[in-house]
Amino acid sequence: MLQITNSRKPDALCEFCLLTTIIPSLDDQKNLARWRRLEAAKRQLHSQLRSLGLPPYAYASSIQSMPSLSYEFVTKKGTSANGAPIMMGHEQGKITILIEEADGSYRERIRERLNEPQRTLIGHFRHEIGHYIDLLGIPSNRRNEYVNLFGDPLAMDYEKAKTNYYEQHKDSHWSEHYISRYASMHPWEDFAETVDCFLDLAALLQVACDHEIMKISNPLQLVEKEMLRRYREIALLSNELNFSRGLDMLVPEIISEPVRNKLAFVASLCIQS
């Protein structure tokens, strides 16, 4: 068995480590380094969620009535309880991340196979937490706004949408309405990809603030048109710097007006201090 339950005493773990319920088997020497990189990415994610006031650090009353958040770090070589291959994803508060994704060479192979412009370890965490926020972070009085922006997830069979995306998807105009091609698959994926992009954007602009390039007073300011113009300037510069070193784009996304409106919805979910 290549996964083991995290059975160490709770008082020996930090609050972020406590969220991990399954860790890689340490019988494989490679897994210690993988586990370290996974926990570092998770800590980076949760520090950001706390600073922005997003679940699980907001909406406490809702969280108490919903499944608690947890992480399982597993190998793609394993099988689930019903014998099916193990996949990354989110289900009722449980986020599963493949430990192989902690290896840059593995991520690059999958990135090329799936034709993804960007595939990062922190990106996986940001995408999956988007599903968790979708589960419990949308106030009931804003569901209509959600549906108007992303579509009604209950009106579209997810498995059929997934099959269509991987086998038949031909939409060449997805960037007019979605942040990524994968976001066009289903409203749930559209929301998760938008959360991923928002957290990427917020992280980059926070670095800019730390270096006194700009000032941001609240999360809603992140998606104002002038701020996005500044973001594009930084993105273009960073991309050119990467190109000069023979590296890929740091920021591949194009933010259309429909996407900006979706990002604004996500930003409005942040609890401002």
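Conventions we followed
Residues numbered from 1 in each chain as written. Predicted model: local features only at pLDDT ≥ 70, side-chain atom pairs only at ≥ 80, totals over all residues. Heavy atoms only, no water. Helix = DSSP H or I, 4+ residues; strand = E, 2+ residues; numbered from the N terminus. Buried < 20%, exposed > 50% of the residue type's maximum accessible area, 1.4 Å probe, protein only. Contact = heavy atoms within 4.5 Å. Areas by Shrake-Rupley, 256 points an atom, 1.4 Å probe, with all protein chains shown as cover. Core = buried A, V, L, I, M, F, W, Y, C linked by side-chain atoms within 4.5 Å. Phe/Tyr/Trp six-rings, centres within 6.5 Å; stacked < 30°, edge-to-face > 60°. 1 Å grid on protein atoms, 1.4 Å probe; cavity = no way out; pocket = protein on both sides within 12 Å on 5 of 7 lines; lining within 4 Å. Points joined across faces, edges and corners; volume = space filled by probe spheres on them. Nonpolar A, V, L, I, M, F, W, Y, C, P; charged D, E, K, R; others polar. Pairing = 2+ DSSP bridges. Salt bridge = Lys/Arg side-chain N within 4 Å of Asp/Glu carboxyl O. Patch = residues over 30% accessible without salt bridge, like charges linked within 9 Å, V, L, I, M, F, W, Y side chains within 5 Å. Lys, Arg positive; Asp, Glu negative; His and termini not counted. Charge placed at Lys NZ, Arg CZ, Asp CG, Glu CD.

Draft legend 1. Looking closely at the overall build of the chain. The helix and strand inventory of the chain stands at nine helices and five strands. If you list the helices and strands of the chain from N to C, you get β-β-α-α-β-β-β-α-α-α-α-α-α-α. For the chain, with 273 residues in total, the buried portion stands at 46%. Relative to all contacts within the chain whose residues are 6 or more apart in sequence, the contacts with residues 24 or more apart total 66%. Entry remark: accessible area of the chain is about 15,100 Å², with carbon and sulfur atoms responsible for 52%.

Draft legend 2. Structural detail: the nonpolar core. One finds Tyr71, Phe125, Ile129, Phe191, Phe198 and Leu199 to be the most contacted residues of the largest nonpolar core, which totals 55 residues. Breaking this core down by element, the ones donating at least two residues are helix 1 (30-52), strand 3 (70-74), strand 5 (94-98), helix 4 (121-136), helix 5 (143-150), helix 7 (187-210), helix 8 (225-244) and helix 9 (257-268). Setting aside residues no more than four positions away along its own chain, Ile129 makes contact with Leu45, Leu49, Pro55, Leu69, Tyr71, Ile95, Val195 and Leu199. With six residues, the next largest nonpolar core counts Ile22, Leu98, Tyr106 and Ile110 among its residues.

Draft legend 3. The packing of aromatic side chains, seen in detail. Here the structure, examined in full by the defined rule, presents 11 aromatic pairs. Judged by centre distance (6.0 Å) and plane angle (70°), the rings of Phe150 and Phe265 are edge-to-face. Separated by 115 residues along the polypeptide, Phe150 in helix 5 and Phe265 in helix 9 bring together distant segments of the chain. Judged by its relative accessible area of 6%, Phe150 is buried. By relative accessible area, which is 2% here, Phe265 ends up buried. Ring centres 5.5 Å apart and planes at 80° place the aromatic pair Tyr165 and Tyr182 in the edge-to-face group.

Draft legend 4. The arrangement of the layout of surface pockets in detail. What the second largest pocket holds in volume is close to 420 Å³. If you list the elements that add at least two residues to the lining of the second largest pocket, you get helix 4, helix 7 and helix 8. Here the residues of the lining of the second largest pocket sort into 12 nonpolar, five polar and three charged.

Draft legend 5. Looking closely at the pairing of strand 3. When you tally the buried positions in strand 3, you get five out of five residues, the bulk of the element. Here strand 3 shows a buried face lined by Ser70, Glu72 and Val74 and a second buried face lined by Tyr71 and Phe73. Here two bridges tie strand 2 (residues 20-24) to strand 3, and the two strands are oriented parallel to one another. The residue of strand 3 that forms the bridge with Thr20 is Tyr71. Looking at chain direction, strand 3 and strand 5 are connected through five bridges and run parallel. Residue pairing in the sheet places Phe73 in a bridge with Ile97 of strand 5.

Draft legend 6. Spatial organisation of the pattern of salt bridges. Considering all chains together, one arrives at 14 salt bridges under this definition. Where Arg126 meets Asp200, a salt bridge forms, and the shortest distance between an N and an O atom there is 2.5 Å. Here Arg126, found in helix 4, pairs with Asp200, found in helix 7; they are 74 residues apart in sequence, far enough to count as distant. Here Arg126 falls in the buried class, since its relative accessible area comes to 4%. Members of the salt-bridge network, linked through shared partners, are Arg34, Arg37 and Asp103.

Draft legend 7. Inspection of a positive patch on the surface at higher detail. Positive charge collects at one region of the surface, where Lys30, Lys76, Lys77, Arg109 and Arg113 lie side by side. Residue placement: Arg113 occurs in helix 3 (residues 104-114). Using a relative accessible area of 64% as the deciding quantity, one classes Arg113 as exposed.

Draft legend 8. Here's a closer look at the side chain of Asp196. Considering the arrangement of structural elements, one finds Asp196 in helix 7. Buried Asp196, no salt bridge; nearest opposite-charge side chain is Arg126, N-O distance 5.4 Å. Here Asp196 is in contact with Gly123, Arg126 and His127, once residues within four sequence places are set aside.

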